[in-house]
Amino acid sequence: TVKRVIGPSLTAEERAAHEAREKQAAEVRAREAEEKRRDRALLVRYPTRGMHDQERATALAQIDAVINASSKRTAELADQRKAINAEFEFYVKYPSRAPTSLKRRLEENESSVGVQKRFIADQEQEKKRVNARFDEELAKLRELWALAAGTTKK
């Protein structure tokens, strides 16, 4: 015969508290399982330090390429600015007589230069974020690599 133990009947408050504890425990288990899944995925993606460093270099190279393109555009805008300033030399004594199209070109040029500078600053921030992400991953990977090396040696 199998003996079943049936506990006392719970009140509504006790039942709610018990369900809340069970729900919290389930959330903790789910969080731990998700973290283990992420750790396994990280190990599969970066089995060695060299692969992680290579991925970091690739990500930073892409950002650098975007920054270089933006820098070239900034240089082009500087050349355009020189041409606009050369045209403005005719209106040094009476700047109010300068054509509106010339004034508009100057404003557009200044605006474009500002946009490019902000874009480059944003890309520099992106580089910092990428480096921070890879640094966090590397710290976690060092632990995982050490654990993996410890389990394979036994």
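Up top is the structure these notes are about.
Bear in mind the structure is a predicted one, so any value in this text is a computation, not a measurement.

S.K.: Explain the pattern of salt bridges here, please?
M.R.: Opposite charge on two side chains permits pairing when their charged atoms draw close. Under the definition given, this model contains 13 salt bridges. The partner of Arg133 in a salt bridge is Glu137, and the shortest N-O contact between them spans 3.8 Å. Here the residue Arg133 and the residue Glu137 both occupy positions in helix α3 (residues 100–153), the gap between them amounting to four residues, near one helical turn. Among the residues examined, Arg133 registers a relative accessible area of 41% and is labelled partly exposed. The exposure class assigned to Glu137 is buried, which follows from its relative accessible area of 16%. Connected via shared salt-bridge partners are Glu34, Arg37 and Arg38.

S.K.: I'm lost on the side chain of Gln123 in this one. Help?
M.R.: Among the secondary structure elements, Gln123 is positioned in helix α3. Beyond its immediate sequence surroundings of up to four residues, Gln123 is in contact with Ile63, Val66 and Ile67.

Here is what the cut-offs are and how they apply
- Residues numbered from 1 in each chain as written.
- Predicted model: local features only at pLDDT ≥ 70, side-chain atom pairs only at ≥ 80, totals over all residues.
- Heavy atoms only, no water.
- Salt bridge = Lys/Arg side-chain N within 4 Å of Asp/Glu carboxyl O.
- Helix = DSSP H or I, 4+ residues; strand = E, 2+ residues; numbered from the N terminus.
- Buried < 20%, exposed > 50% of the residue type's maximum accessible area, 1.4 Å probe, protein only.
- Contact = heavy atoms within 4.5 Å.

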